Each structure stands twice: as C-alpha cells, then as structure tokens.
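Here's the letter readout for the chains.
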Amino acid sequence: MSLWNELMAPKAQSLNTTQLAVGFVAPIADQGLIALDGEESAHFLHGQLTNDVEHLAAGEARLAGYCSPKGRLLASFLMWRSDNTLLLQLPRDIQAAVQKRLSMFVLRAKTKLSDATEQPAHQVVIGLGGGLAEAVLQTWFEPLPARPYGLLQHPLGTLIRLADAFGAPRYQWLMSQEVARTVLPELAERLTVGDAASWQLSSIHAGVPQISKATQEQFVPQMINFELLGGVNFKKGCYPGQEIVARSQYLGKLKRRTTLVTIPDQAAVAGAEVFATADPEQPCGMIVNTAPNGRGGIDALVEMKLAAIEAASVRLGSAEGTALEFHSMPYLLDALDV
C-alpha cells in the first residue's frame, strides 16, 4: 500500500460515523490474500470451511469460517473466484499460520496454496462507503453490484459490494498500482479520505466481525452472528467442527451473540473480557473487533450472553470497569435462533 501512502496519506484522517455516512474512501491495509490454484481447489476448500465453496459463482463473494475440530473459529474469510483461482481474504496477522495449517490437509488434492497479497492485480486495496460512494464508483463501473456480496471483475480491478453500513452500500476495490495512480486522486477530490481505522469502524457498524490473532479459537460461528451474515451453510457436507456448529444451531436456543457498543476507553482491545453487573464474578463476553470512533473512545463488536445484551449493564475488564453503551445492530440478532 505504499502508493496509497504516497498519494493519499497526507489527506487521510480518522473519521467519525457522521463523516463515514456521507461518503468516504479508506485503505484496507491489514488484510492478506491466500490463493488456491488447481482443479480440485474448490472441492478441497468445501471440505474445510463452513460455507459452500463448490457452488460459489464467479459474480459473488461469500463469508466463510475455518474451525478447529472443537468448532471454534481459527479464521474468518471473505472468499471469491478470480478466473481459475480461489481467493481467501483474512487478517495478515494470522495469514501465514492459517495458510500453513490449510496446506497440511491438502494431501493428494490437486491444489496449491500461495500468498497472493502483493500480486499486481491487487497491490492496492481500498474501501468505499457512505451516501456518495455509489455515484462516485459509477464513474468507472456500470452497473454496480445489486446486492451485498455481489462482485464485478473489470479491467480496472475487482469490485466487491460488502455489507451495508449507515444505510448505504460499502465496497472493496482491489486494483493494480497503475490503475491506482489514475483513480486515487479523483477519489480524494470527491470523497473524504479516511485512514485504515476508518474502514474498520465502517465494518463494525455493518455488524461484520472478523477473527484476529487475539480471538482465535474463542467462538463458534453463531457466537459472532456468522450464520446470520450468510457465512455458514448447514446443508453442505462435513468440515472440521461441523458437528459442534450444527449442534449449537439446533439443540436449544442460542445463548450468545455479538452486538455493537461504544466504550469510552481507547485501551479496549480485541480479546478483552467484559462483565455484567448482575453477575460480577465471571466474564459475560469478549471484545471481537474495535476501532477509534473519533469521539475519544472506541466502537466495538462484543460477543456476550444474550441475557447481558438484554440487560445492557456491562463493563470492561470487571464489574467496576468502564460502562459499555449499547447500540442497535443492522440486523436482528434472534433472526435464526431456534
């Protein structure tokens, strides 16, 4: 992302939610890409991930999880096809370890995993959102993807519509440095330029959690709302942890979810525990993702017991810690509870 730093960093700022809602462009700087090439790549991944890979169409992206045998998430991916290659996007801080683990299970499957992060076609990755983003993107793309997780392969790069935030679509655009030199200056003139944390803040307000090094093996997919976001297919075949994930879905009402909060403490980080004042002796949940909110604190996605969410009296670190301020999620938390 050195080209972003060259062209855009002087204009970048940490944006608040009001600025994000109007229209913004920001770097997606903390994500890596794993590429799978070979005729059996989809079949191999289909047996490893929580979502259907074999029926992934060229014009769509999907969320997917990678679980331990105990059903706990080791990684969460955004995945899509590019020609004959399957791409998995995940945080760089766990990419190498996850890529190595997946490679261990390839055995005789005709597929090869590689690090695709710096390949020319996606050397620059940016995110766009807010009310102005659609009109700006129509300068280069027409039509735009009609719904979340629609995808366009275009001479100017790969455009993926992601989950909406602030009542407007969000997009990820992967492009070459050559395209970026032409596109980025115009984007800077027409949209507010944010920093990497601004993109993370938009993802938090879209209600889309992501597993990082601090939270590996902490959650079954439903605890971070992953099936509500389309990241789990309960009709596909087996994968590591599948029995536990299915049992969590069908044997009784789910008792934990992830919700959106504000914490007026910038020291709050992913992996930190939170405590309900009604039950101070044990943690009721854990922070999944955080981002500075431009008001001196952070906004976060926090996994916790449903009873704690309903009571809305939860504190950081201990029952005497900083209070969490609860906000509505952009989707219903009990939509698929059984």
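Everything below is about the structure printed above this text.
Keep in mind that this is a model prediction, so the values were computed, not measured.

Asker: Teacher, can you tell me more about the pattern of salt bridges here?
Answerer: Pairs can form between side chains of opposite charge once their charged atoms are near each other. Applying the stated rule across the entire model yields 8 salt bridges. Aspartate 164 serves as the salt-bridge partner of arginine 161, at 3.3 Å between the closest nitrogen and oxygen. Across the pair glutamate 227 and arginine 257 runs a salt bridge whose closest N-O atoms are separated by 2.8 Å. Taken together, the residues span a long stretch of sequence, with glutamate 227 in the loop between helix H7 (196-205) and helix H8 (242-250) and arginine 257 in strand E12 (residues 256-263) at a distance of 30 residues. For the residue pair glutamate 227 and arginine 257, the accessibility class agrees, reading buried in each case.

Asker: Explain the packing of aromatic side chains here, please?
Answerer: The geometry of an aromatic ring pair is captured by two quantities: the separation of the ring centres and the angle between the planes. Scanning the model with the defined rule gives 3 aromatic pairs in all. Between phenylalanine 141 and tryptophan 173, the ring centres sit 4.8 Å apart and the planes meet at 75 degrees, which makes this aromatic pair edge-to-face. One end of the pair, phenylalanine 141, is in the loop between helix H5 (133-137) and strand E8 (151-154); the other, tryptophan 173, is in strand E10 (residues 168-175), and 32 residues separate them in sequence. An aromatic cluster is defined as three or more aromatic residues linked by ring pairs; in this entry it consists of Trp140, Phe141 and Trp173. A cation sits over an aromatic face here: arginine 170 above tryptophan 199, 4.7 Å from the ring centre.

Asker: Looking at this structure, I do not really get the sheet that holds strand E17 (residues 325-327). What am I missing?
Answerer: Backbone hydrogen bonds hold the strands of a sheet together, and the pairing may be parallel or antiparallel. The 6 strands are arranged E16-E13-E14-E15-E12-E17 in an open sheet whose pairing can be described as antiparallel. Looking at the sheet topology across the chains shown, the edges are occupied by strand E16 (314-316) and E17. Across the sheet, the axes of successive neighbouring strands diverge by a mean angle of 40 degrees, strand direction being ignored. Pairing between E12 and E17: 3 bridges, direction antiparallel. Within E17, the residue paired with leucine 260 across the bridge is histidine 327.

Asker: Explanation requested: helix H6 (residues 177-190) in the structure shown.
Answerer: Given 3.6 residues to a turn, an α-helix orients residues that are three or four positions apart in the same direction. Taking 1.5 Å of rise per residue, 14 residues should cover 20 Å, and H6 covers 20 Å from first to last C-alpha, within 8% of that figure. In the structure, H6 departs most strongly from a straight axis at valine 183, where the bend amounts to approximately 35 degrees and where the proline proline 185 lies between one and four residues downstream. Looking only at H6, the buried set comprises Val179, Ala180, Val183, Leu184, Leu187 and Ala188.

Asker: I would appreciate a short explanation of the pairing of strand E1 (residues 24-27) in the present structure.
Answerer: For a regular strand, side-chain orientation follows a simple rule: the groups alternate between the two sheet faces. Here E1 shows two buried faces, one formed by Phe24 and Ala26 and the other by Val25 and Pro27. Note: E1 against strand E7 (residues 124-129), 4 bridges, orientation antiparallel. In the sheet register, alanine 26 faces E7, and the bridge partner there is glycine 127. Looking at chain direction, E1 and strand E11 (residues 192-193) are connected through 2 bridges and run parallel. Its bridge partner lying in E11, phenylalanine 24 is registered against threonine 192.

Asker: Would you explain the nonpolar core in this entry?
Answerer: Residues Trp80 and Leu324 are the most contacted members of the largest nonpolar core, which totals 63 residues. Per element, the largest residue contribution to this core is 5 residues, and it comes from strand E15 (residues 298-305). Ignoring any residue separated from it by four or fewer positions in sequence, one finds leucine 324 in contact with Val261, Thr262, Ile263, Val274, Val302, Met304, Val314, Arg315 and Leu316. Counting 25 residues, the second largest nonpolar core, distinct from the first, contains Leu159, Val179, Leu184 and Val193.

Asker: Is there a simple way to think about the sheet that holds E8 in this case?
Answerer: On the basis of which strands lie adjacent, the open sheet formed by 6 strands has the order E8-E9-E10-E7-E1-E11 and mixed pairing. Each edge of the open sheet is held by one strand with a lone partner, namely E8 and E11. Across 6 bridges, E7 lies against E10 in antiparallel orientation. Paired with glycine 127 across the strands is glutamine 172, a residue of E10. Relative to E1, H7 is tilted by about 115 degrees, and along the sheet it contacts E1, E7, strand E9 (157-165) and E10.

Asker: Sorry if this is basic, but what is going on with the environment of glutamate 60 here?
Answerer: By secondary structure assignment, the location of glutamate 60 is in the loop between helix H3 (41-46) and strand E3 (61-67). Those residues in contact with glutamate 60, other than ones at most four positions away along the chain, are His55, Met79, Trp80, Tyr149 and Leu151. Engagement of the side chain of glutamate 60 in a polar contact is seen with the side chain of arginine 62, the distance being 3.1 Å.

Asker: Got a minute to help me understand H7 in this structure?
Answerer: Here H7 lies mainly inside the structure; 8 of its 10 residues are buried. Where H7 is concerned, the buried positions are Ala197, Ser198, Trp199, Leu201, Ser202, Ser203, Ile204 and His205.

Asker: Would you take a moment to explain unusual backbone geometry for this structure?
Answerer: Excluding glycine, residues mostly have negative phi values, and the peptide bonds linking residues are mostly trans. Here the residue pair glutamate 142 and proline 143 is connected by a cis peptide bond, since its omega of 0 degrees sits within 30 degrees of zero. Secondary-structure assignment places proline 143 in the loop between H5 and E8. The residue phenylalanine 166 is not glycine, and still its phi comes out positive at about 60 degrees. The residue phenylalanine 166 is located in the loop between E9 and E10 in this model. Under the relative-accessibility criterion, phenylalanine 166 is labelled partly exposed at 29%.

Rules behind the numbers
- For every chain, the first residue of the written sequence is number 1, and numbering continues from 1 along that sequence.
- Note on the predicted model: pLDDT of at least 70 is required for a residue's local features to be given, and 80 or more for side-chain atom pairs to be given and counted; whole-chain, interface and lining totals, by contrast, use all residues.
- With hydrogens and water stripped out, all remaining heavy atoms of the structure feed into the side-chain values.
- Only one rule defines a salt bridge in this text: a Lys or Arg side-chain nitrogen within 4 Å of an Asp or Glu carboxyl oxygen.
- Numbering of helices and strands runs from the N terminus, with a helix taken as a DSSP run of H or I at least four residues long and a strand as a DSSP run of E at least two residues long.
- Exposure is judged per residue with a 1.4 Å probe applied to protein chains only, and the accessible area is read against the type maximum: over 50% gives exposed, under 20% gives buried, and values in between give partly exposed.
- Within 6.5 Å between ring centres, the rings of Phe, Tyr and Trp (the latter by its six-membered ring) count as paired, and their orientation is classed by plane angle as stacked under 30 degrees, edge-to-face over 60, tilted in between.
- A ring is scored as having a charge over it whenever the NZ atom of a lysine or the CZ atom of an arginine sits within 6 Å of its centre and within 35 degrees of its normal.
- A strand pair is defined by DSSP finding two or more bridges across the two strands.
- In this description, a line fitted to the C-alpha atoms serves as the axis of each element, helices being fitted only across the stretch in contact, and the angle between N-to-C directions of two axes falls anywhere from 0 to 180 degrees.
- Under the convention used throughout, the expected extent of a helix is 1.5 Å for every residue step, that is, one less than its residue count.
- Think of it this way: the bend at a residue is just the angle between two axes, each fitted to seven residues, one set ending at that residue and the other starting at it.
- Throughout, nonpolar core names a set of buried Ala, Val, Leu, Ile, Met, Phe, Trp, Tyr and Cys residues whose side chains join them through atoms within 4.5 Å.
- Residue contacts are defined here by distance: any two heavy atoms, one from each residue, within 4.5 Å place the two residues in contact.
- Think of a polar contact as two N or O atoms within 3.5 Å of one another; within protein, one of them needs to be a possible hydrogen donor and the other a possible acceptor, and neighboring residues in sequence only count if both atoms come from side chains.

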